[in-house]
Amino acid sequence: MPLSDLYEVVWQAVSPLYVLDDLSPDRLGHLRTANDHDVRRVLKALASLDAVHLTEETAELTADGCTGTARMRGEPEPGDAVLRILVELADVDDPPVWRQLLVPAAIRLDRLHSVIQAAMGRQNCHMHAFTIDGVQYGRSGGELGFRDKRTATLTALLKPGAHFVYTYDFGDSWEHVITVEQVQTASEPVG
């Protein structure tokens, strides 16, 4: 990938986190330069780990970098269990709203939340929780007493037919029933 494209992708991902509207073009340019410098520093660190092949103008993931990136994203390795799950919006049947997804069995609930948000076209701007066998998982440390969703995985739900509830937006209470339809095995990645 050309470094200029990579700098732009990172800038587009990071800049919305800050209020930059009132900055002068000069100050905005300095921030953009700092962003590009930080990206280059990270790429050099990754190159020292043999995860990236870096030239003056491009960065390319090595085989180890591709494997490591896939593992960081939670992709299963060949032979790992993969669940086919059905996510159904409860109490909505005209028309029914549902998505069928493949997820690694070892996916953490915080990652599953992100997958469901993307699949359902939501914008991740409300509180949420998973209820599994009567235990609620969500953001820990709050007054709601949730268990930490970052430490719980679906590994315990490997049987077809297992189900649990995902609630999004406690005000409107969008409840989603999630059913494990099938357990599959991950195969070799294509390409």
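Everything in this summary refers to the structure shown in the same document. (Residues numbered from 1 in each chain as written. Predicted model: local features only at pLDDT ≥ 70, side-chain atom pairs only at ≥ 80, totals over all residues. Heavy atoms only, no water.)

### A short note on the packing of aromatic side chains
For step 1, the next point in the chain: Overall, the coordinates contain three aromatic pairs when judged by the stated rule.
For step 2, the next point in the chain: Arranged with centres 4.9 Å apart and planes meeting at 45°, the rings of Phe130 and Tyr166 form a pair that is tilted. Here Phe130, found in strand 5 (residues 128-132), pairs with Tyr166, found in strand 8 (residues 163-168); they are 36 residues apart in sequence, far enough to count as distant. In terms of burial, Phe130 and Tyr166 fall into one category: buried.
For step 3, the next point in the chain: Plain terms: the ring middles of Phe146 and Phe170 are 6.1 Å apart, the flat faces sit at 70° to each other, and that makes the pair edge-to-face. One end of the pair, Phe146, is in the loop between strand 6 (135-138) and strand 7 (147-148); the other, Phe170, is in the loop between strand 8 and strand 9 (174-185), with 24 residues separating them in the sequence.
For step 4, the next point in the chain: A residue is classified by how much of its surface remains accessible, and Phe146, at 10% relative accessible area, is buried.
For step 5, the next point in the chain: In textbook terms, an aromatic cluster arises when at least three aromatic residues are bridged by ring pairs, as seen for Phe130, Phe164 and Tyr166.
For step 6, the next point in the chain: In this structure, Arg122 is placed above the aromatic ring of Trp174, and the distance from its NZ or CZ to the ring centre is 5.4 Å. (Phe/Tyr/Trp six-rings, centres within 6.5 Å; stacked < 30°, edge-to-face > 60°. Helix = DSSP H or I, 4+ residues; strand = E, 2+ residues; numbered from the N terminus. Buried < 20%, exposed > 50% of the residue type's maximum accessible area, 1.4 Å probe, protein only. Lys NZ or Arg CZ within 6 Å of the ring centre and 35° of its normal.)

### Some details on the nonpolar core
A general feature of soluble globular proteins is that nonpolar side chains tend to end up buried together.
For step 1, the next point in the chain: Within the largest apolar cluster, 23 residues are counted, with the highest numbers of intra-cluster contacts made by Ile85, Leu112, Phe130 and Leu154.
For step 2, the next point in the chain: Contributions of two or more residues to this core are made by strand 3 (81-93), strand 4 (96-104), helix 4 (109-120), strand 5, strand 8 and strand 9.
For step 3, the next point in the chain: Among the elements that make up this core, the one with the highest residue count is helix 4 (four residues).
For step 4, the next point in the chain: Discounting chain neighbours no more than four positions away, the residues touching Leu112 are Ile85, Val103, Ile107, Phe130, Leu154 and Phe164.
For step 5, the next point in the chain: Core analysis: the second largest hydrophobic core is formed by eight residues, Tyr7, Val39, Leu43 and Ala51 among them. (Core = buried A, V, L, I, M, F, W, Y, C linked by side-chain atoms within 4.5 Å. Contact = heavy atoms within 4.5 Å.)

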